[in-house]
Amino acid sequence: MKTLVTGGAGFIGSNLADRLLADGHEVRVVDDLSTGKESNLTGALETGRCELVKMSVTDKSFADLVDGIDVVYHLAAQADVRISVADPVFDVDVNVLGSVNVFEAAANAGVGRVVFASSGGTIYGEPAVLPVDESAPQRPLSPYGVAKKAAGDYLYYYQQVRGIDGVVLALANIYGPRQDPHGEAGVVSIFAGVINEGKAPVIYGDGSQTRDFVFIDDVVDAFVLAAERGDGLMNIGTGEETSVNELYYEIAKAMGSDAKPEYGPARTGELSHIALDASLAERELGWAPKTGLPSGLAKTIDWIRS
Ligand SMILES: NC(=O)c1ccc[n+]([C@@H]2O[C@H](COP(=O)([O-])OP(=O)(O)OC[C@H]3O[C@@H](n4cnc5c(N)ncnc54)[C@H](O)[C@@H]3O)[C@@H](O)[C@H]2O)c1
């Protein structure tokens, strides 16, 4: 199969590219390398079946890259909630206009299937019931969440009216190897990276905020299954809440550190509590997370140390 992965030089996209290549497919990565790295694709490029095109998904000539593609995985994004708060116009440009550019090109080229990386941690806002399922109202509380919701709505239009089979994966908090420890998005990598340097990390807020942590390999499984079947919005999460404090002490214990975290002011646009009910993905895709937090953390820590 010929596949195209936008954002394929990033954390999730490069892990997905590796898996698609291992499954025997061809992979065209389109990435502007704004946060992604070519080095994430070293092994992929060595296969000879992966090509990297350095281009923004907002570029009109993206349309030239989709001819003959069977599945588009759209992961390219401005993926930082805080940047979306500081510069919502930039966020909308990449996350809404860029997404529409990708979907429009896919529809015009007759691409059969598009799988879109949305954000279950933001599109529902602060849900009344946890774990939240897909029937809950979508009331995002950050520009990033609004943009992800809007792009998901666009994909629904392309599905209903323009003949694309579309799946919107509402992802929980993903962690694992290749998540940038110097970025802002991946709290697991940030904590492990800081502890590895012998320092104490800063927890923003009192650390009682909860998140639903899913290991990267499980998420890659979900993308692969979503390219085969299913449609519409599907949550990808474990359904379990872990507080940021619990996460910190779990990582510190696994790394043999007794450093105490520092606490800073809570950040605008961050939710208090989230966990995603993924029973729809289980029924429709046959997907369920396989990696528990201790084992996923151990693999991530190994990667940070290496
Ligand atoms: N990591 C998570 O916990 C998480 C949770 C929910 C949703 N998501 C979504 O999953 C996707 C992948 O996230 P990630 O964690 O791998 O982030 P990442 O920053 O590692 O990857 C995003 C990739 O998109 C590329 N990119 C950014 N703007 C682009 C543009 N205009 N044109 C082309 N490429 C561009 C970046 O260079 C990077 O390689 C994103 O859509 C993100 O919003 C991630």
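Refer to the structure printed above.
Residues numbered from 1 in each chain as written. Predicted model: local features only at pLDDT ≥ 70, side-chain atom pairs only at ≥ 80, totals over all residues. Heavy atoms only, no water.

(A) The sheet that holds strand 2 (residues 26–31), seen in detail. If you walk across this open sheet you meet the seven strands as 3-2-1-4-5-6-11, and the pairing is parallel. The open sheet has two free edges, formed respectively by strand 3 (50–54) and strand 11 (232–236), since each of these has just one partner strand. Between one strand and the next, the sheet's axes are offset by a mean angle of 20°, whatever the strand orientation. Examined bridge by bridge, strand 4 (residues 71–74) and strand 5 (residues 113–119) share four bridges and lie parallel to one another. (Pairing = 2+ DSSP bridges. Helix = DSSP H or I, 4+ residues; strand = E, 2+ residues; numbered from the N terminus. Axes fitted to C-alpha atoms, helices over the stretch in contact; angles between N-to-C directions.)

(B) Region of interest: the packing of helix 8 (residues 244–254) against helix 10 (residues 293–305). Where helix 8 meets helix 10, the closest approach of the two axes is 10 Å, and the angle between their N-to-C directions is 60°. Classed by the angle they form, the pair helix 8 and helix 10 counts as oblique. As helix 8 runs across helix 10, the sense of the crossing is right-handed. Residue-level inspection shows Leu247, Glu250, Ile251 and Ala254 of helix 8 in contact with helix 10, the latter providing Leu293, Pro294, Leu297, Ile301 and Arg305. Of the residues contributing to the contact of helix 8 with helix 10, the split by class is seven nonpolar, no polar and two charged. (Parallel < 35°, antiparallel > 145°, perpendicular 65-115°, else oblique. Left-handed = near helix turned anticlockwise from the far one by under 90°. Contact = heavy atoms within 4.5 Å. Nonpolar A, V, L, I, M, F, W, Y, C, P; charged D, E, K, R; others polar.)

(C) The arrangement of a nonpolar patch on the surface in detail. Taken together, the side chains of Tyr154, Tyr157 and Val161 present a nonpolar region at the surface, about 290 Å² in accessible area. With respect to the helices and strands, Val161 occurs in helix 5 (residues 143–162). For Val161, a relative accessible area of 58% puts it in the exposed group. (Patch = residues over 30% accessible without salt bridge, like charges linked within 9 Å, V, L, I, M, F, W, Y side chains within 5 Å. Areas by Shrake-Rupley, 256 points an atom, 1.4 Å probe, with all protein chains shown as cover. Salt bridge = Lys/Arg side-chain N within 4 Å of Asp/Glu carboxyl O. Buried < 20%, exposed > 50% of the residue type's maximum accessible area, 1.4 Å probe, protein only.)

(D) View of the pattern of salt bridges. Under the definition given, this model contains 11 salt bridges. Close ionic contact of Arg19 with Asp221 constitutes a salt bridge, the shortest N to O distance being 2.6 Å. Of the two residues, Arg19 sits in helix 1 (residues 11–22) while Asp221 sits in helix 7 (residues 216–226), which places them 202 residues apart along the sequence. Residue Asp221 is classed as buried on the basis of its relative accessible area of 15%.

(E) Region of the structure containing the nonpolar core. Tyr73, Leu169, Phe223 and Ile251 are the most contacted members of the largest nonpolar core, which has 64 residues in total. In terms of residue count, helix 7 provides more of this core than any other element does, eight residues in total. Not counting residues up to four positions away in its chain, the partners in contact with Ile251 are Val188, Phe191, Ala192, Ile195, Leu297 and Ile301. Val66, Val72, Val96 and Val111 belong to the second largest nonpolar core, which has 27 residues in total. (Core = buried A, V, L, I, M, F, W, Y, C linked by side-chain atoms within 4.5 Å.)

(F) Here's a closer look at the site of the ligand. What surrounds the ligand is a group of 29 residues, the closest being Ile12, Asp31, Thr35, Leu75 and Tyr144. For the ligand, an oxygen atom lies 2.6 Å from a polar atom in the side chain of Tyr144. Take Ile174: an N or O atom from its main chain is 2.8 Å from an oxygen atom of the ligand. Contact with the protein chains hides 91% of the accessible area of the ligand, taken as 820 Å² for the molecule alone. Elements with a contribution of two residues or more to the shell around the ligand: helix 1, strand 5, helix 5 and strand 7 (173–175). The leading source of residues in the shell around the ligand is strand 5, at three residues. Among the residues making up the shell around the ligand, the classes are represented as 16 nonpolar, 10 polar and three charged. (Near = heavy atom within 4 Å. Polar contact = N/O pair within 3.5 Å; in protein donor to acceptor, adjacent residues only side chain to side chain.)

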